[in-house]
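# Examining the three-dimensional arrangement
Listed below, chain by chain, are the residues.
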Amino acid sequence: MTQQQALYKYSLRLGDNALILSARLSEWCSNAPFLEEDLALTNMALDLIGRAQAMLKYAGEVDGNGKTEDDLAYRRSEREYYNNLIMELPNGDFAYTMVRQLFVSTFELFFFEELQKSTDATLAAIGAKTLKEVKYHHLHAKDWVIRLGDGTAESNRRVQQAVNQLWMYTGELFEMDGTDALLMKDGIAVNAEHLKMGWIQMVTQILALANIELPADGYMQTGSRMGIHTEHLGHILSEMQYLQRAYPDATW
Amino acid sequence: MVVPRFDKEQILDILATIPDPEIPVVNILEMGMVKDVVIGDDGYEVIITPTYSGCPAVGMITADIRSTLEAKGVVPTTVRMVYDPAWTTDWMTDIAKKKLHDYGIAPPLHSSCNDEMLGNNTITCPRCGSERTRLLSRFGSTACKALYKCDACMEPFEYFKCH
């Protein structure tokens, strides 16, 4: 693997994470519990789509074969997608979506804090921009998880259930492979493993305030680094890519 | 035919006529979105930066810049988007903040992002001037605004988030 190939894959990964979580959050549009929350979820989806656009555009430039961000979003199949599995899981109930937001945005607080120091100027610039936005995502998720967890018996039960179900998808966030190793040598990639301690501490603190128990460490699901996904990603792509698949090169 | 040449100042004057599509009382220069104008041998390049990465107005702003400049004979023009350094509300001019306030949007407080994160900012109601306001939602009708309510005049209002 050359550095160019590694950088292409790394940018795809970051772009795919943002794109797929954005698709999931967008599904809440007009379905959220109340209007302000509807706006909040779609606002965050918008931040994510902007990040996906920037990352995939850069991936296309690094690849150097003239692919645009749209080509990369609409013309790759599941096995060519590298988003973490947690991003593609169906929304579940509102508690489930908020717990995922908490896990992901807490990770991203730490991740983009580091990525903004990358020696790759483009990744650093997108990282700095993203960090500002992620801070709001994190506060939002944290407020809701505490409010629901420390709420009624029913809302507490649902948050606890979501935490239990999502926990095994959090290990993948910190996974690293040859791509990371190669890019880390030149200070381009973030050492994700190093972020785990801080993440656990912050999540533990928040869940304690929410009267939620941390699940015991157990099996962690993996696969996305190799493009192996849950059955859910294909359904997202079939909807998202339909137009470009049915009418290639359609524009308006 | 002699193609007229424009200097940077003339181009900036033209760009100052382009409103922000979502908050039309302010223009794109006052918003701090125009980073530079580069005049080359074969054309003009306008460098802009987005307020938020997913800001849907960017496409329209890009189109507006090109069409407005072309209409004035500033051709050929390209628009390039950069992310570094990341846009901050500190780049908004005082005039822009005053205009936002008069439009009914509470302007961002200067360099107060960390306080804002902790909820320590006091936001003044742009309608009645009261400080008895409270946050309804950190996310408003556009990516750059939060929703507030004034407990004095009871009116809801938007606050341009510090960023």
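Everything here concerns the structure above.
Overview of the structure. (Residues numbered from 1 in each chain as written. Chains lettered and ligands numbered in written order. Predicted model: local features only at pLDDT ≥ 70, side-chain atom pairs only at ≥ 80, totals over all residues. Heavy atoms only, no water.)

The next subject is the pattern of salt bridges. Residue and element names in this part refer to chain A. For the structure on display, the rule yields 20 salt bridges over all chains. Close ionic contact of arginine 51 with glutamate 108 constitutes a salt bridge, the shortest N to O distance being 2.9 Å. In this pair, arginine 51 is assigned in helix 2 (residues 35–63) and glutamate 108 in helix 5 (residues 94–115), connecting sequence segments 57 residues apart. Among the salt bridges present, the one from lysine 57 reaches glutamate 61, with a minimum N-O distance of 3.3 Å. A residue pair is termed a helical-turn pair when its members lie 3 or 4 positions apart in one helix, as lysine 57 and glutamate 61 do in helix 2 at 4 residues. With relative accessibility at 41%, the residue lysine 57 sits in the partly exposed group. One salt-bridge network, in which partners are shared between bridges, spans Asp93, Glu154, Arg157 and Arg158. (Salt bridge = Lys/Arg side-chain N within 4 Å of Asp/Glu carboxyl O. Helix = DSSP H or I, 4+ residues; strand = E, 2+ residues; numbered from the N terminus. Buried < 20%, exposed > 50% of the residue type's maximum accessible area, 1.4 Å probe, protein only.)

Glancing now at the side chain of Glu37(A). All names here are of chain A. Structurally, the position occupied by glutamate 37 is in helix 2. Notably, glutamate 37 is buried but unbridged: the nearest opposite-charge side chain belongs to arginine 147, and the N-O separation is 7.0 Å. At a separation of 2.8 Å, a polar atom in the side chain of glutamate 37 contacts the side chain of histidine 140. Leave out the neighbours within four places in its chain, and glutamate 37 touches Ala32, Phe94, Met98, His140 and Trp144. (Lys, Arg positive; Asp, Glu negative; His and termini not counted. Polar contact = N/O pair within 3.5 Å; in protein donor to acceptor, adjacent residues only side chain to side chain. Contact = heavy atoms within 4.5 Å.)

With that settled, consider the environment of Glu22(B). Residue and element names in this part refer to chain B. Structurally, the position occupied by glutamate 22 is in the loop between helix 1 (8–15) and strand 1 (34–40). A residue is classified by how much of its surface remains accessible, and glutamate 22, at 33% relative accessible area, is partly exposed. With 35 residues separating them in the primary sequence, glutamate 22 and alanine 57 have C-alpha atoms 7.0 Å apart. Other than its neighbours up to four places away in sequence, glutamate 22 contacts Pro56, Ala57 and Thr142.

Our focus in this paragraph is the pairing of strand 3 (residues 77–81) of chain B. Residue and element names in this part refer to chain B. Sheet topology places strand 2 (residues 43–48) next to strand 3; 5 bridges connect them, and they run parallel. Residue pairing in the sheet places glutamate 45 in a bridge with threonine 78 of strand 3. Handedness of the crossover joining strand 2 and strand 3 through helix 2 (residues 57–71) is recorded here as right-handed. (Pairing = 2+ DSSP bridges. Right-handed = clockwise from strand over helix to strand, strands pointing away.)

Moving on, we get to the pairing of strand 7 (residues 156–160) of chain B. All names here are of chain B. Among the 5 residues of strand 7, 4 are classified as buried, and the element is accordingly described as predominantly covered. The pairing of strand 4 (residues 105–106) with strand 7 spans 2 bridges and is classified as parallel. The partner of alanine 106 across the bridge, within strand 7, is tyrosine 159. Pairing of strand 6 (residues 145–150) with strand 7 involves 5 bridges; the strand directions are antiparallel. Bridge assignment links lysine 149 to a residue of strand 7, and that residue is proline 156. The hairpin turn running from strand 6 into strand 7, its antiparallel successor, is 5 residues long, and methionine 154 in that turn takes a positive phi close to 70 degrees.

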